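# Inside the fold
Given next are the chains, with one letter for each unit.
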Amino acid sequence: MLFRSKGEIALAIARVGADQKLDGVESRVILEDPNVVIASPSHPLARKSKVAWAELVNQRWCLTPDGFAGRISQEHLGAHLAKLKLPPPRDLVETNSLLMQVTLFLAGNYLSLAPLMVGYQLVQRRLACLINVPPLGPVDPVCLMWRANMSLSPVARHFRDFTLGMIKTGLVSPEQIAKTTRRLSGEVSRRSRKGKKA
């Protein structure tokens, strides 16, 4: 979501790398969720209760390019595989479109990475299941950001203040978000296993 003022971005909600410094930008974390491995419900590995990473690297993958949309794919996957002393996947398609990722893993038994909340939405709609491996990569938070040196339009200011107020008053807190993330993670795993048995 972007609010523009005089042709410049005044307010944005975006995923930001934990190590990124944004000069001239104020930000507040509104969501943190880990990355999970997803596949179509018909993928052969979807029925397995335990999957080794050595097996996963030999599968077909569909990922976003390095540096696109934060680091939800190749960079996290590459770092994780390097720790395990495993090579990167050889069979890889890159796309910056979530719709194309979903289309590919439904049609061609590709694996992909997605933030937990995205994975949850796909599992809920029976478009995906979680592959039974722990989440990977550092959590890159979703932040509400605005330019420190720019006055916001009334609409953008109201949206920012309303969102920050919800977090400040406890209607939405980092603890609640973390608790919801843990609950959703368990629910996604249960739904994934349930879908595998059906």
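Residues numbered from 1 in each chain as written. Predicted model: local features only at pLDDT ≥ 70, side-chain atom pairs only at ≥ 80, totals over all residues. Heavy atoms only, no water.

## Notes on helix H3 (residues 98-108)
Residues of H3 that are buried: Gln101, Val102, Leu104, Phe105 and Gly108. Those residues of H3 that are buried are in contact with strand S4 (35-39), strand S5 (61-63), strand S6 (92-94), strand S7 (111-115) and helix H4 (116-124). Here H3 starts with a cap whose side-chain oxygen sits 3.4 Å from the backbone nitrogen of Leu99, and that cap is Ser97. Where H3 terminates, the next one or two residues include Asn109, which has phi positive at roughly 55°. (Buried < 20%, exposed > 50% of the residue type's maximum accessible area, 1.4 Å probe, protein only. Helix = DSSP H or I, 4+ residues; strand = E, 2+ residues; numbered from the N terminus. Contact = heavy atoms within 4.5 Å. Polar contact = N/O pair within 3.5 Å; in protein donor to acceptor, adjacent residues only side chain to side chain.)

## Description of the pattern of salt bridges
Oppositely charged side chains may form a pair once their charged atoms are brought near each other. Evaluation of the coordinates by the stated rule reveals two salt bridges. Put simply, Glu55 and Lys48 hold a salt bridge, and the shortest N to O gap is 3.0 Å. What makes Glu55 partly exposed here is its relative accessible area of 28%. Arg160 serves as the salt-bridge partner of Asp161, at 3.0 Å between the closest nitrogen and oxygen. By relative accessible area, which is 39% here, Asp161 ends up partly exposed. With relative accessibility at 17%, the residue Arg160 sits in the buried group. (Salt bridge = Lys/Arg side-chain N within 4 Å of Asp/Glu carboxyl O.)

## Concerning the packing of aromatic side chains
For the structure shown, the criterion picks out one aromatic pair. Measuring from ring centre to ring centre gives 6.4 Å for Trp53 and Trp61, while their planes differ by 10°; the resulting arrangement is stacked. Owing to a relative accessible area of 10%, Trp53 belongs among the buried residues under this scheme. Note on Trp61: relative accessible area 0%, which makes it buried. Over the face of the ring belonging to Trp146 we find Arg160, whose NZ or CZ atom lies 5.1 Å from the ring centre. (Phe/Tyr/Trp six-rings, centres within 6.5 Å; stacked < 30°, edge-to-face > 60°. Lys NZ or Arg CZ within 6 Å of the ring centre and 35° of its normal.)

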